[in-house]
Amino acid sequence: MAEASTSSSVPCTGYIDGITFDLGCLAPALVIILILASLKRRVSVKLEHCNGYPGLLIPINFLGAGFSNRYTIAATFGATANTCLVMFLNRDSMFSLPGPAWVKVFQSLIAVLVYGILFYPFFACLTTEYKLVGSFMGFIYVAIRFCFKLAIDFQCGHVLEGETKKVFYVSRLGIVPTYMCLLFILIRFAVLLYFEVRKKWFPFTSDTRGGSEICDTRLVKEPEIAHVRELFNPGSIS
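Residues numbered from 1 in each chain as written. Predicted model: local features only at pLDDT ≥ 70, side-chain atom pairs only at ≥ 80, totals over all residues. Heavy atoms only, no water.

Report on the overall build of the chain, specifying residues and quantitative values.
A tally of regular secondary structure across the chain gives 8 helices and 2 strands. N-terminal to C-terminal, the α/β element order of the chain is α-α-α-α-α-α-α-β-β-α. Counting every position in the chain, which comprises 238 residues, the buried fraction comes to 32%. Looking at the chain alone, contacts between residues at least 24 apart form 68% of all its contacts between residues at least 6 apart. Summed over its atoms, the accessible surface of the chain is roughly 15,400 Å², and 67% of this surface lies on carbon and sulfur atoms. (Helix = DSSP H or I, 4+ residues; strand = E, 2+ residues; numbered from the N terminus. Buried < 20%, exposed > 50% of the residue type's maximum accessible area, 1.4 Å probe, protein only. Contact = heavy atoms within 4.5 Å. Areas by Shrake-Rupley, 256 points an atom, 1.4 Å probe, with all protein chains shown as cover.)

Which residues make up helix α5 (residues 131-153), and what values do they have?
The end-to-end C-alpha distance of α5 is 32 Å, a good match for the 33 Å that 23 residues give at a rise of 1.5 Å each. Those residues of α5 that sit buried are G134, S135, M137, G138, Y141, V142, A143, R145, F146, K149, I152 and D153. Where α5 is buried, its residues meet α1 (18-24), α2 (26-39), α4 (103-127), α6 (162-171) and α7 (176-201). (Expected span 1.5 Å × (residues − 1).)

Tell me what's going on with the packing of aromatic side chains, and back it up with residues and numbers.
Here the distance between the centres and the angle between the planes together describe a pair of aromatic rings. Using the criterion set out here, one finds 5 aromatic pairs in the structure. Their ring planes at 85 degrees and their centres at 5.7 Å tell us that F122 and Y141 sit as a pair that is edge-to-face. Linking F122 in helix α4 with Y141 in helix α5, this pair joins segments that are 19 residues apart in sequence. Classification of F122 by relative accessible area gives buried; the value is 2%. (Phe/Tyr/Trp six-rings, centres within 6.5 Å; stacked < 30°, edge-to-face > 60°.)

Could you give an account of the pattern of salt bridges, naming the residues involved and the relevant values?
Within this structure, the stated rule accounts for 3 salt bridges. D22 is paired through a salt bridge with R145; the nearest N and O atoms lie 3.1 Å apart. A residue pair is termed long-range when its members are at least 10 positions apart, and D22 in helix α1 and R145 in helix α5 qualify at 123 residues. Taken as a pair, D22 and R145 share a single burial class, namely buried. As a salt-bridge pair, K199 and E196 come within 3.6 Å of each other at their nearest N and O atoms. Taken as a pair, K199 and E196 lie in helix α7 at a separation of 3 residues, close to a single helical turn. What makes E196 buried here is its relative accessible area of 17%. (Salt bridge = Lys/Arg side-chain N within 4 Å of Asp/Glu carboxyl O.)

Written out as structure tokens, the structure is:
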């Protein structure tokens, strides 16, 4: 959302400041990170302390994550791309520190750290093992970010008239892909939350045999099966 404060071509002072909102989102982002970290157990470091909790959150596991969330992860990168581009093109997008040129290095590091924390819950909620908690917090967090982003970016539209209003809305076409990515992530979290709630409290189907439930779980998915088939029989899926 750093781009909201850089639209200097629009003669309007909005009610909601984008930078202030981003700084305000640091608190819920840190809360989400701490909650998910407290649910994750450490693998090999100091397991005797606190029964191995909390653990280190891995936002993306490229080695064993599978392919179930690949589109959502791509959309998450798309949602962060605009902010990253604004930071690279405008180093004073968040704040400006007075002083010599080397001070700008620390200014950029702080900005990267802040936005890294802001977007970290997107990945953490998506890849956590606790799908119900992750999808619920992810849905709430993305919904807040999405709604406020729309409000911040278009809050000056109603005060403009004529050609200026047309130019204002045309200038917003460049960030439409960001809205689409955020909307995709929001819908994805809503779908995950729906399935987790249904599985937790409304189990519609359950096969029982001999008093015990039998779950049909596939250990591998279609891409892995196709990969192994191609290894043993090259050209079979071409």
